[in-house]
Amino acid sequence: QVQLVESGGGLVQPGGSLRLSCAASKNIFSIIAMGWYRQAPGKERDLVAAITSGGSTNYADSVKGRFTISRDNAKNTVYLQMNSLKPEDTAVYFCNAGSTLQVVSGRGSWGQGTQVTVSS
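We now turn to the structure provided with this report. (Residues numbered from 1 in each chain as written. Predicted model: local features only at pLDDT ≥ 70, side-chain atom pairs only at ≥ 80, totals over all residues. Heavy atoms only, no water.)

## Observations concerning the sheet that holds strand E7 (residues 67–72)
Okay, step 1: Within the open sheet, the 4 strands sit side by side as E1-E3-E8-E7. Their pairing is antiparallel. If you trace the sheet from one side to the other, it starts and ends with strand E1 (4–7) and E7, each paired once. The average angle at which neighbouring strand axes cross in this sheet is 15°, direction not considered.
Okay, step 2: Pairing of E1 with strand E3 (residues 18–24) involves 4 bridges; the strand directions are antiparallel. Paired with Glu6 across the two strands is Cys22, which belongs to E3. (Pairing = 2+ DSSP bridges. Helix = DSSP H or I, 4+ residues; strand = E, 2+ residues; numbered from the N terminus. Axes fitted to C-alpha atoms, helices over the stretch in contact; angles between N-to-C directions.)

## Concerning the state of the cysteines
Okay, step 1: Under the definition given, this model contains 1 disulfide.
Okay, step 2: Between the sulfur atoms of Cys22 and its disulfide mate Cys95 the distance is 2.1 Å. Here Cys22 and Cys95 share a disulfide; its torsion about the S-S bond, -85°, makes the bridge left-handed. Of this pair, Cys22 sits in strand E3 while Cys95 sits in strand E9 (residues 91–98); the two residues are 73 residues apart in sequence, bridging distant segments of the chain. Of the two residues examined, Cys22 and Cys95, each falls in the buried class. (Disulfide = S-S within 2.5 Å. Buried < 20%, exposed > 50% of the residue type's maximum accessible area, 1.4 Å probe, protein only.)

## Section: the nonpolar core
Okay, step 1: By size, the foremost hydrophobic cluster in this structure holds 28 residues, and its most contacted members are Met34, Trp36, Leu80, Met82 and Tyr93.
Okay, step 2: At the level of secondary structure, the elements contributing two or more residues to this core comprise E3, strand E4 (33–39), strand E5 (46–52), E7, strand E8 (77–82), E9 and strand E11 (114–118).
Okay, step 3: Among residues more than four places away in sequence, those in contact with Tyr93 are Glu6, Leu20, Trp36, Tyr37, Arg38, Val48, Phe67, Leu80, Met82, Gly113, Thr114 and Val116. (Core = buried A, V, L, I, M, F, W, Y, C linked by side-chain atoms within 4.5 Å. Contact = heavy atoms within 4.5 Å.)

## With respect to unusual backbone geometry
Okay, step 1: Even without being glycine, Asn76 reaches a positive phi, approximately 55°.
Okay, step 2: In this structure, Asn76 sits in the loop between E7 and E8.

No statement about biological role is implied by the geometric values presented.
See the structure below:
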């Protein structure tokens, strides 16, 4: 089972940008899919973006055009570039890894999460 460690969260003003990183404990070349979820207080954990080993991506409608997921297999790291941030993007962001089905259903391996707060 892969261990995941997220970083890069913080406080940012509306309209600002952040880049989240998810470092895996083993070579991610063999991991079929990786994704980012987020969970706001009192709400369910929702899939934000996912990427397969082949580079195919998909995004939640709420972040399309603003967020970009990418992976660097050489660094065993997946990134989430977040631009034009809105207060409603405030949440704890979690990394998930596994098969495509596991990632889209939230049943892969989880990291501990990183807090993103968008506020003026």
